[in-house]
Amino acid sequence: MPLALFAWTVSAHTHLRELEIGTTQYGSGVCIRPFNDPSTIDYPAKDPTDPFMRCRATNTTVRAAKICDAVAGGNITVNWYAGNTPGEMGINPSHKGPCIIWMAPLVSNGEGNVWFKIFQDGYNPTTKKWCVDTINANNGNLTVTVPSDLLAGQYLLRTEIIALHLAFLPYTGDKNGAEYYSNCAELNVSGSGKSLPSPGVAIPGVYTANMPGIVFNLTAPFTSYTIPGPNVYQVGKPGSVGGGNPGGGTNPPCTKTKKRKRRQLSQEL
Ligand SMILES: [Cu+2]
């Protein structure tokens, strides 16, 4: 019960509110896949195996009403908004954790081994700031660059904050575990690039409830944080989107990876 009370009182979760692409500021919800129920717009996904965690939509076939134009090599600013607390931008500052921006071809509807990262920011041991601190200092905004050599076409853009305040124990039922604040926007990317990063990973699938970076204790001393999931795409290297810190899905860990993961987990716990 104490945990349930805590989760209830910390009500300022967040959602992706709007996009600024190049110099175009889009309105609230434009080109973003809608929520099932506006009253739960800020509620996190908790089960890393549930398709709900992909875009925080139970009906995964519901499309955005519009597809926004973007340019390979151009900037996109995503804006998170804690709508449950009037006037609050970003996310409750207790919700420390990383931000990860993903893409996948829209034709896949996000199903299969199609997702690749274009950006991630976790914890900076020098400044002691999490990505959540950085976006809150910037009114909930984060600017990322569309890979300059990305193949032209339609894509999903998945924005994700992983909040770690309850992640000291793995997810079991509704208790404990990381909170996934994911949303999906739809983009039409133009450009002359020829790269489609692959093989991607499956979402859900890429995270498991017990892996480093999904399990993490914010209240114990730590000097580093392992961002879960594969490496970020490097322009010019279409195959650069594997590896990293796989927890499941399409990247079965080899013996070496298992050893490394176990050592990191013991350090972090
Ligand atoms: Cu929350």
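The structure presented is a predicted model; accordingly, all values stated were derived computationally and were not measured.

What counts and what doesn't
Residues numbered from 1 in each chain as written. Predicted model: local features only at pLDDT ≥ 70, side-chain atom pairs only at ≥ 80, totals over all residues. Helix = DSSP H or I, 4+ residues; strand = E, 2+ residues; numbered from the N terminus. Buried ≥ 20, exposed ≤ 12 C-beta atoms within 10 Å, placed from the backbone. Contact = placed C-beta atoms within 7 Å. Core = buried A, V, L, I, M, F, W, Y, C linked by C-beta atoms within 7 Å. Pairing = 2+ DSSP bridges. Axes fitted to C-alpha atoms, helices over the stretch in contact; angles between N-to-C directions. pLDDT = per-residue confidence, 0-100.

Visitor: Explanation requested: the overall build of the protein in the structure shown.
Guide: The helix and strand tally for the protein stands at four helices and 11 strands. Counting over 269 residues, the protein shows a buried share of 44%. Long-range pairs, those at least 24 residues apart, make up 75% of the contacts in the protein with a sequence separation of at least 6.

Visitor: What exactly am I supposed to notice about the environment of Pro170 here?
Guide: Within the secondary structure layout, Pro170 lies in the loop between β10 (153-163) and β11 (179-190). On the basis of neighbour count, Pro170 is assigned to the partly exposed category, with 16 C-beta atoms found within 10 Å. Expressed as a C-alpha distance, the spacing of Pro170 and Ile214, which sit 44 residues apart in the sequence, is 7.7 Å. In contact with Pro170, not counting residues within four places along its chain, are Asn176, Gly177, Ala209, Asn210 and Val215.

Visitor: Sorry if this is basic, but what is going on with the nonpolar core here?
Guide: One broad trend across soluble globular proteins is that nonpolar side chains are buried collectively. Grouped together as the largest cluster of nonpolar side chains are 66 residues, with contacts concentrated most on Met103, Tyr155, Leu157, Ile161 and Ala185. Breaking this core down by element, the ones donating at least two residues are β1 (15-21), α2 (52-55), β4 (75-81), β5 (99-105), β6 (116-121), α3 (131-136), β10 and β11.

Visitor: Please explain the pairing of β4 as it appears in this structure.
Guide: For a regular strand, side-chain orientation follows a simple rule: the groups alternate between the two sheet faces. Summarising burial for β4: five of the seven residues are buried, a large majority. Pairing geometry for β1 and β4, over six bridges, is antiparallel. Across the sheet, Glu18 pairs through a bridge with Asn79, a residue of β4. The sheet contact formed by β4 and strand β9 (residues 141-145) spans five bridges and is antiparallel. Paired with Ile76 across the strands is Val144, a residue of β9.

Visitor: What is the right way to read the sheet that holds β11 from this model?
Guide: Within the open sheet, the five strands sit side by side as β3-β11-β10-β5-β6. Their pairing is mixed. Two strands close off the open sheet at either side, each with one partner strand: β3 (68-71) and β6. Each strand axis lies, on average, 35° off the axis of its neighbour in the sheet, ignoring direction.

Visitor: When you look at the sheet that holds β4 in this model, what are you seeing that I'm missing?
Guide: The pairing of strands in a sheet happens through backbone hydrogen bonds and is either parallel or antiparallel. The four strands lie next to each other as β2-β1-β4-β9, forming an open sheet whose pairing is antiparallel. On the outer flanks of this sheet lie β2 (24-25) and β9, each paired with one strand and no other.

Visitor: Quick question: what am I supposed to make of the environment of Arg56 here?
Guide: Its place among the elements puts Arg56 in the loop between α2 and β3. Linking Arg56 and Pro34, residues 22 residues apart in sequence, is a C-alpha distance of 9.0 Å. Non-local contacts of Arg56, meaning those with residues more than four positions away in its chain, are made with Phe35, Ala45, Ser182 and Asn183.

Visitor: How should the pairing of β1 be read in this particular structure?
Guide: Buried residues dominate β1, accounting for six of its seven residues. Relative to β2, β1 is paired through two bridges, and the arrangement is antiparallel. Looking across to β2, one finds that Glu20 is bridged to Gln25. The turn joining β1 and β2, which pair antiparallel and follow one another in sequence, is formed by two residues; a positive phi near 60° is taken by Gly22.

Visitor: I'm lost on the confidence of the model for the protein in this one. Help?
Guide: Low-pLDDT stretches of the model should not have their predicted coordinates read in fine detail. Scored by pLDDT, the protein has a mean of 87; 86% of the residues are at 70 or more. Predicted confidence for residues 1-10 stays below pLDDT 50, and this span has four contacts to residues more than four positions away or in other chains. Here residues 249-269 is modelled with pLDDT under 50, and outside its nearest four sequence neighbours on either side it reaches 28 contacts, counting other chains as well.

Visitor: Even after reading the chapter, I still don't get unusual backbone geometry, so can you show me in this structure?
Guide: With an omega of -5°, the peptide bond between Ser198 and Pro199 qualifies as cis. A cis geometry characterises the amide bond from Ile203 onward to Pro204, with omega recorded as 0°. Examined against the element boundaries, Pro204 turns out to sit in the loop between β11 and α4 (255-268). Although it is not a glycine, Asn109 adopts a positive phi angle of roughly 55°. According to the C-beta neighbour criterion, Asn109 is partly exposed, with 16 such atoms within 10 Å. For Lys128, which is not a glycine, the phi torsion comes out positive at approximately 60°. Tracing the sequence through the fold places Lys128 in the loop between β7 (123-124) and β8 (129-130).

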